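The primary structure of each chain is shown beneath.
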Amino acid sequence: MGTEGAGPDWLAGSEGRGRVRRFCSGGGSDGEDMAFVPGQPVTAVVQRIEIHKLRQGDNLILGFSIGGGIDQDPTQNPFSEDKTDKGIYVTRVTEGGPAEVAGLQIGDKIMQVNGWDMTMVTHDQARKRLTKRNEEVVRLLVTRQSLQKAVQQSMRS
């Protein structure tokens, strides 16, 4: 997985290392120690994941499901401690599917899809962005609570 065509918000390399990025967002932030003020930049540890869709007949399969969105009830989100967080989260990953092979995990919060901001979208807008028929590769920028906590831990040491 190379970084060809990767924009400035993509991490270099695919080794699974995180990097601190800043996003302007109206959504919540993960991590209890990270301050969040609506409309202000959110500091997040992110990981780049590149998924090559699997062709099955006329369909292109990603191998994961999502939950959340600005039109959904954030109190029902089991993946965020912030019960006002209306972000898009990975709710299921198919074993052996393209998403699992690429390293996507249940509970990952999707920050970007192919360079598009996903922090303030409806569930349907997120689904449409992920399943575009003319895109065989989906480049995600995700944040993961375990990455956040690891960085917080190292900053305290």
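Rules used in this analysis
Residues numbered from 1 in each chain as written. Predicted model: local features only at pLDDT ≥ 70, side-chain atom pairs only at ≥ 80, totals over all residues. Heavy atoms only, no water. Phe/Tyr/Trp six-rings, centres within 6.5 Å; stacked < 30°, edge-to-face > 60°. Helix = DSSP H or I, 4+ residues; strand = E, 2+ residues; numbered from the N terminus. Lys NZ or Arg CZ within 6 Å of the ring centre and 35° of its normal. 1 Å grid on protein atoms, 1.4 Å probe; cavity = no way out; pocket = protein on both sides within 12 Å on 5 of 7 lines; lining within 4 Å. Points joined across faces, edges and corners; volume = space filled by probe spheres on them. Nonpolar A, V, L, I, M, F, W, Y, C, P; charged D, E, K, R; others polar. Buried < 20%, exposed > 50% of the residue type's maximum accessible area, 1.4 Å probe, protein only. Polar contact = N/O pair within 3.5 Å; in protein donor to acceptor, adjacent residues only side chain to side chain. Core = buried A, V, L, I, M, F, W, Y, C linked by side-chain atoms within 4.5 Å. Contact = heavy atoms within 4.5 Å.

An unreviewed UniProt entry lists the protein under the name Tax1-binding protein 3, with Cyanoderma ruficeps given as the organism.

Draft legend 1. Main features of the packing of aromatic side chains. By the definition in use, this model includes one aromatic pair. Each ring, one from Phe-79 and one from Tyr-89, has its centre 6.2 Å from the other, and the planes form 20 degrees; the classification is stacked. Of this pair, Phe-79 sits in the loop between β5 (64-68) and β6 (88-93) while Tyr-89 sits in strand β6, placing them 10 residues apart in sequence. The cationic tip of Arg-129 hangs over the ring face of Trp-116; the distance from NZ or CZ to the ring centre is 4.0 Å.

Draft legend 2. Focus on the layout of surface pockets. There is about 190 Å³ of room inside the largest pocket. In terms of lining, the largest pocket is formed by Lys-53, Asn-59, Leu-60, Ile-61, Leu-62, Gly-63, Phe-64, Thr-131 and Arg-133. Looking at the lining of the largest pocket residue by residue, the class counts come to four nonpolar, three polar and two charged.

Draft legend 3. Spotlight on the environment of Ile-51. Note that Ile-51 resides in strand β2 (residues 41-52). Overall, Ile-51 belongs to the buried group, its relative accessible area being 0%. Considered as a pair, Ile-51 and Leu-140 are 89 residues apart in the sequence and their alpha carbons are 7.9 Å apart.

Draft legend 4. Summary view of the side chain of Arg-48. For Arg-48, the position within the fold is in strand β2. Given the relative accessible area of 6%, Arg-48 is considered buried. A distance of 2.6 Å separates polar atoms of two side chains, one belonging to Arg-48 and the other to Glu-50.

Draft legend 5. Local environment of unusual backbone geometry. For Asn-114, which is not glycine, the phi torsion reads 50 degrees and is therefore positive. Along the polypeptide, Asn-114 turns up in the loop between β7 (109-113) and β8 (116-117).

Draft legend 6. Broad picture of the nonpolar core. Counting 20 residues, the largest nonpolar core has Ile-51, Phe-64, Leu-104, Ile-110, Leu-130 and Leu-140 as the members making the most contacts within it. Broken down by secondary-structure element, the contributors of at least two residues to this core are β2, β5, β6, α1 (98-102), β7, α2 (123-130) and β9 (137-143). Not counting the four nearest positions on each side in its chain, Ile-110 is found in contact with Phe-64, Ile-66, Ile-88, Val-90, Met-118, Leu-130, Leu-140, Leu-141 and Val-142.

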